Structures are given as structure tokens and as C-alpha cells.
Amino acid sequence: MRAGTIILVAGVFGLIAILSSVFIVDEREKALILQFGQIRDVKEEPGLAFKIPFIQEVVRYDDRILSLDTPPIEVTPSDDRRLVVDAFARYRIADVIQFRQAVGVGGLRAAEDRLASILQTQIRAVLGSAGVTSNTILSSDRASLMVRIRDLAQLRARALGLDVVDVRLKQTNLPEQNLEATFARMRAEREREAADEIARGAEAATRVRAQADRTVVELVSEAKRESEIVRGEADAERNGIFAAAYGADREFFRFYRSLEAYENALQGSNSTMVISPDSEFFEFLKSDGGTGN
């Protein structure tokens, strides 16, 4: 009875030992076999693996590409216009042995803290380098800046056993305290541009108005000159006609001119004139013959 119990207990412990010595490595992870804290083996291929029970332990690490969001930081480009940059990185554990030696029992949390510090340092270094302005960061050159940050971070991250796959700048904003000043400057620029447009419009209007006034003066002057010429020619022609008529019949011309004088003198309702009867003005009214006799 005692022997059977011993065999049963021994079998149970043997089964537990066998089960403790077998573990499965998933295709999405890598495993380290540690013995008293020291690395004894690395399992990178998926499938069954074995370890010494109760003495060795298995530490698993994710073999997929992981994501890390960095805290927003302020950078100062070469144009001294401060920006708040929010970035994220894609990385993976490339060397699990080096990773374990670098971060120890801290694991991914310790590694991400150190990687975030590396990324922030390189972001400040690249975005604050000579020739990089805020306009450069916000332009199409942004892609080349992210590649530079990734390459520099990659060199530093190798000491952690990490491979930095990609770095992206998610947001690039002005600090809150600078927003109002920036908006005020933008308003001032728009107002200045509007004032320039108004001034140019007023100048163009003045120029058009002056040209129109000049054209009016020239047209009026030309019309007056032509009218004076026509009037002078008409007066000359009239005088010529009068002269010809006077030369043809002087007595009739004197009679015609006297009638015009009577008409002009007796216009309107006033037909009363005080004048000497012997005046030559009434010469043609004294007799029917018009000779004054």
C-alpha cells in the first residue's frame, strides 16, 4: 500500500515535471530561457520547446511591429518660431538578447521610456538644425525630415536591441501662448494687404478720372474751335452776301437795314419812342417814296 502511494506520488511529480519542461512558442513572439537570471537559450521559431523544470524560466517578447506615441514637445526651428510637435514611431524587437541585457526586468515599458527619450532628442536635433524653418516643417520637406529622425533614432535604438521601422510627425502646432500673437499678426497682414489694394484701386480710379477729364477738355476744346471756325466762315459768307447785296442796290439795302432797325427798336409791348421828327431814323416813314421828300 505504501509502495503504491509512493509510485503514484512519483508519477504525479514526474507528470508535473514533464509538463513544466514543455512550452509553446507562438509565431508572434520570441522567447528567452533564463536560468537564475542568466540567458541560456533563445527560441525564435514557433513550435514546441523544452526547458529544465523548476530551474529555468521562460520570458516572452512580442515579435510584431509595435507602436509608440511620444509626448508632445516644443521645438525651436532656425527661424525661432516655436512649435509643439506630436510624433509616433513604429518599432520591433530585433535582438531579444541585447534587449534583455539593456532593459532587464523592466521589459517593454522601460524600453519604450528610453526609446521615447531617444525620439524626442532626435526630433529636437533635426527640427532645430540649421536651415530647417517652421515653413520647412510644414511643407513637403517634412517627409525627408521624418526619415532623418528615423535614421538617427535607429542608430541609438540598436543599443536597446530595437529596430525603428518608421517615425511620423502627427501634429505640428503653435504653443497656446503664441496663437493669439500669430492671429494678430495674420490679421495685421491681411489688413495691410487690404489697405494696399484699396490704395491701388484709388490710384487707378484717379488715373482713369484724370484721363476722362482730359478727354472731355480736349473734346470740348476741339468742338469750340470747330464751332468758332464754322461761325467765322458763316459770318464771312453772310458779310459777303450783304456786301454783294449792297453793291447791287444800295438804296434797297438802306431800306432793308432800316426795317431791321425798326423791328429791333419796337420789340415787345413798348412801341413808344421819343425822338426828333427830323431824325434820319424815320427817313423811310415820312413819305411813300422812301426818299425823304
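Everything in this summary refers to the structure shown in the same document. On a predicted model such as this, the values are computed, not experimentally measured, just so you know. (Residues numbered from 1 in each chain as written. Predicted model: local features only at pLDDT ≥ 70, side-chain atom pairs only at ≥ 80, totals over all residues. Heavy atoms only, no water.)

The next subject is the overall build of the chain. Per the secondary structure count, the chain includes seven helices and nine strands. The burial tally for the chain puts 25% of its 293 residues in the buried class. The long-range share in the chain, meaning contacts at least 24 apart out of those at least 6 apart in sequence, stands at 62%. When the accessible surface of the chain is totalled, it reaches about 19,700 Å², and 56% of it is carbon and sulfur. (Helix = DSSP H or I, 4+ residues; strand = E, 2+ residues; numbered from the N terminus. Buried < 20%, exposed > 50% of the residue type's maximum accessible area, 1.4 Å probe, protein only. Contact = heavy atoms within 4.5 Å. Areas by Shrake-Rupley, 256 points an atom, 1.4 Å probe, with all protein chains shown as cover.)

Turning to a nonpolar patch on the surface, a few remarks are in order. A surface patch of nonpolar side chains, about 470 Å² in accessible area, is lined by Phe36, Ile52, Phe54 and Ile55. Along the chain, the position of Ile55 falls in the loop between strand 4 (47-50) and strand 5 (56-62). (Patch = residues over 30% accessible without salt bridge, like charges linked within 9 Å, V, L, I, M, F, W, Y side chains within 5 Å. Salt bridge = Lys/Arg side-chain N within 4 Å of Asp/Glu carboxyl O.)

Burial along strand 1 (residues 22-25) is one-sided: Phe23 and Val25 are buried, while Val22 and Ile24, pointing the other way, are not. Relative to strand 4, strand 1 is paired through four bridges, and the arrangement is antiparallel. Paired with Phe23 across the strands is Ala49, a residue of strand 4. (Pairing = 2+ DSSP bridges.)

Right, let's get into the side chain of Arg142. Looking at where Arg142 falls in the secondary structure, it is placed in helix 5 (residues 142-157). A distance of 3.4 Å separates the side chain of Arg142 from the backbone oxygen of Ile137, its partner in a polar contact. (Polar contact = N/O pair within 3.5 Å; in protein donor to acceptor, adjacent residues only side chain to side chain.)

Interhelical geometry of helix 2 (residues 96-103) versus helix 3 (residues 107-127) gives an angle of 80 degrees and a closest axis separation of 10 Å. One finds that helix 2 runs roughly perpendicular with respect to helix 3. Where helix 2 approaches helix 3, its residues Phe99, Ala102 and Val103 are matched on the opposing element by Gly107, Leu108, Ala110, Ala111 and Arg114. Residue composition of the contact of helix 2 with helix 3, by class: six nonpolar, one polar and one charged. (Axes fitted to C-alpha atoms, helices over the stretch in contact; angles between N-to-C directions. Parallel < 35°, antiparallel > 145°, perpendicular 65-115°, else oblique. Nonpolar A, V, L, I, M, F, W, Y, C, P; charged D, E, K, R; others polar.)

On the basis of which strands lie adjacent, the open sheet formed by three strands has the order 3-2-5 and antiparallel pairing. On the outer flanks of this sheet lie strand 3 (38-43) and strand 5, each paired with one strand and no other. For this sheet the average axis-to-axis angle between neighbouring strands, irrespective of direction, equals 30 degrees. Pairing of strand 2 (residues 29-35) with strand 3, which is carried by five bridges, proceeds in the antiparallel orientation.

This next bit is on the pattern of salt bridges. This structure, assessed with the given rule, holds 19 salt bridges. In this structure, Arg190 engages Glu189 in a salt bridge whose closest nitrogen and oxygen atoms are separated by 3.7 Å. Residue class for Glu189 comes out partly exposed when judged on its relative accessible area of 31%. Across the pair Glu193 and Arg190 runs a salt bridge whose closest N-O atoms are separated by 3.2 Å. One end of the pair, Glu193, and the other, Arg190, are both in helix 6 (residues 176-248), three residues apart, so they sit about a helical turn from each other. Among the residues examined, Arg190 registers a relative accessible area of 42% and is labelled partly exposed. What you see here is one network of salt bridges that share partners, running through Lys30, Asp63 and Arg92.

All right, on to helix 5 then. In a regular helix each residue adds 1.5 Å, so 16 residues correspond to 22 Å; helix 5 covers 22 Å between its end C-alpha atoms and thus fits that length. For helix 5, the complete set of buried residues consists of Arg142, Leu145, Met146, Ile149, Ala153, Gln154 and Ala157. Those residues of helix 5 hidden inside the fold are in contact with helix 3, helix 4 (134-137) and strand 9 (162-173). (Expected span 1.5 Å × (residues − 1).)

Counting residues in each nonpolar core, the largest one holds 37 residues, and the members touching the most others are Leu115, Ile123, Leu127 and Leu162. Ranked by residues supplied to this core, first place goes to helix 3 with eight residues. Residues contacting Leu127, with those up to four places away along its chain left out, are Val75, Thr76, Pro77, Val85, Val132, Ile137, Leu145 and Leu169. Within the second largest apolar cluster, five residues are counted, among which are Phe23, Val25, Ala31 and Ile33. (Core = buried A, V, L, I, M, F, W, Y, C linked by side-chain atoms within 4.5 Å.)

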